[in-house]
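Structure assessment
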Amino acid sequence: MKFIAKKAAVLFASALTLGASSLASAARWDMPTPYGDGTHQTQVARSFAEEVNANAQGKLLIKVHSGGSLIKHPEIHRAVKTRQVPIGEVFIGRLGNLDPIFKLDNIPFLATDFDSAEKLYQASKPALNKALAKENLILLYTSPWPAQDLYSNKPINSLSDLSGLKMRSYSPTTSRLADLMGTTPVNIPFSDVAQAFTTNAIDAMVTSPSTGVNSQSWDYISHFTTIHAWIPKNMVFANKRMFDRLDSKTQQVVLDAAANAEKQGWALGRRLAVTHTETLAKEGIKVSAPSQTLLSELEAIGDTMVNEWLQEAGADGKAVLQAYKAH
Ligand code: PCA
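Nothing here was measured: the structure is a model prediction, and the numbers come from that model.

Moving on: the side chain of Glu-262. Here Glu-262 lies in helix α10 (residues 248-282). For the buried Glu-262, which has no salt bridge, the nearest side chain bearing the opposite charge is Lys-125, at an N-O separation of 4.2 Å. Of the polar contacts made by the side chain of Glu-262, one reaches the backbone nitrogen of Thr-142; its length is 2.8 Å.

Shown next as structure tokens:
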């Protein structure tokens, strides 16, 4: 008995030493993501982490915590900034009140197809990096959502059909959009969308076909109008001080995996825009193209919002839009 106890103690001690030495060389990065495992965004985050873990030769281990399970969406940006976690993912538009460049990500009718959205991303990247650098953060990759379409429980042929309805918003820009559409904005996180519809807290929303599929919107929605208003993105970013602590080889592993994740995310966004719209139709939602009236009304709102954004974003904003148009 005594012997066994002694042997166990020795084993335990050597396990501790082993643990301590491997911990000393390996950094462990907890990576909170806002959306659930069913979303393509979290799938991309998981392949990013797997690639890093496979190539970092034990120097870095990234663990994804999806669906706000470690840190809730509204807290993720601050958690990375304050080094509570070294890395995280957020929906860019949510940060709109911190810097106008984050608002640009949700401006309607500026870049409505994937080629334009990629150009807008490239044109805005220097300003995006600059805004993040101010907070000692670095951008690792972005991943888009399919274009944002209109969900409702009746046909919407013009803005007057939406008048007075409660519209889900998910960012400062979309709250402004809801105002301009003559609706009342109600801020509802993705995880509460189904319940918000069934309890009549909201009557309509503008989001991707993917989010409608992920939340089984056919249970609470009858109509889907393909307004393709904008193509927003999630971004994965790291705290620069934590990144700088990695050796240069491991940093390169992270940057390479990020570049691959970005390619994967953009390819998935393009593909899901088509397949998820098909799923909505197959599940019984009436999918239709917007009427010319609705489209012109929405495009006029888009012009207003671009102008408002330019006023807010000043010379930097002007430079971004000039770079976008020059592409
Ligand atoms: N889905 C996310 C953000 C954009 C999108 O398509 C959401 O609705 O919360």
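Moving on from the coordinates now.
Taken together, three strands build an open sheet; the order of strands is β3-β10-β4 and the sheet is antiparallel. Here the strands that pair on one side only, and so sit at the sheet edges, are β3 (87-91) and β4 (137-144). In this sheet, neighbouring strand axes are inclined to one another by 25° on average, regardless of whether the strands run parallel or antiparallel. With five bridges connecting them, β3 and strand β10 (residues 233-239) associate as antiparallel partners. Counted as the bridge partner of Phe-91 is Asn-234 from β10. Running at roughly 130° to β4, helix α2 (residues 40-55) makes contact with β3, β4 and β10 of the sheet. Strands β4 and β10 of the sheet are contacted by helix α5 (residues 114-133), whose axis makes an angle of about 160° with β4.

With that settled, the discussion passes to the sheet that holds strand β8 (residues 205-207). Spatial ordering of the open sheet is given by β8-β5-β9-β11, a layout of four strands whose pairing is mixed. With partners counted over all chains shown, the strands left at the sheet margins are β8 and β11 (286-288), one partner each. Strand-to-strand, the axes of this sheet are offset by a mean angle of 25°, without reference to chain direction. Relative to β11, strand β9 (residues 223-225) runs parallel, the two being bridged by three bridges. From the neighbouring strand, His-223 faces β11, where its bridge partner is Lys-286. Across the face of the sheet, α10 comes into contact with β5 (149-152), β9 and β11 while running at roughly 135° to β11.

Counting residues in each nonpolar core, the largest one holds 61 residues, and the members touching the most others are Ile-101, Phe-102, Leu-104, Leu-162 and Met-235. Going through the elements one at a time, α3 (73-81), β3, α4 (100-104), α5, β4, α6 (172-180), β10 and α11 (292-326) are the ones with two or more residues in this core. For this core, the leading source of residues is α11, giving 11 residues. Leaving out residues up to four positions away in the same chain, Met-235 has contacts with Gly-88, Glu-89, Val-90, Ile-92, Leu-95, Phe-102, Leu-132, Leu-139, Tyr-141 and Thr-142. Residues Ile-87, Tyr-141, Ala-238 and Leu-268 belong to the second largest nonpolar core, which totals 27 residues.

This part is about the site of the ligand. Neighbouring the ligand are Tyr-35, Phe-91, Trp-145, Gln-148, Arg-168, Tyr-170, Phe-190, Thr-207, Ser-208 and Thr-211. Note that an oxygen atom of the ligand is positioned 3.0 Å from one of the side-chain N or O atoms of Gln-148. Note that an oxygen atom of the ligand is positioned 2.7 Å from one of the side-chain N or O atoms of Arg-168. When the free accessible area of the ligand is taken as 260 Å², the share hidden by the protein chains comes to 99%. Comparing atom positions with the cavity grids shows the ligand to sit within the second largest cavity. Residue composition of the shell around the ligand, grouped by class: five nonpolar, four polar and one charged.

Let us now look at empty space enclosed by the protein. Counting across every chain of the model gives four cavities of 30 Å³ or more. Taken as a whole, the largest cavity holds about 140 Å³ of empty space. Together, 15 residues line the largest cavity, and Leu-104, Asp-105, Leu-120, Ile-231 and Lys-233 are the ones closest to its centre. Contributions of two or more residues to the lining of the largest cavity are made by α4 and α5.

Thresholds applied
Residues numbered from 1 in each chain as written. Predicted model: local features only at pLDDT ≥ 70, side-chain atom pairs only at ≥ 80, totals over all residues. Heavy atoms only, no water. Helix = DSSP H or I, 4+ residues; strand = E, 2+ residues; numbered from the N terminus. Buried < 20%, exposed > 50% of the residue type's maximum accessible area, 1.4 Å probe, protein only. Lys, Arg positive; Asp, Glu negative; His and termini not counted. Salt bridge = Lys/Arg side-chain N within 4 Å of Asp/Glu carboxyl O. Polar contact = N/O pair within 3.5 Å; in protein donor to acceptor, adjacent residues only side chain to side chain. Pairing = 2+ DSSP bridges. Axes fitted to C-alpha atoms, helices over the stretch in contact; angles between N-to-C directions. Contact = heavy atoms within 4.5 Å. Core = buried A, V, L, I, M, F, W, Y, C linked by side-chain atoms within 4.5 Å. Near = heavy atom within 4 Å. Areas by Shrake-Rupley, 256 points an atom, 1.4 Å probe, with all protein chains shown as cover. 1 Å grid on protein atoms, 1.4 Å probe; cavity = no way out; pocket = protein on both sides within 12 Å on 5 of 7 lines; lining within 4 Å. Sits in = over half its atoms within 2 Å of the grid points. Nonpolar A, V, L, I, M, F, W, Y, C, P; charged D, E, K, R; others polar. Points joined across faces, edges and corners; volume = space filled by probe spheres on them.

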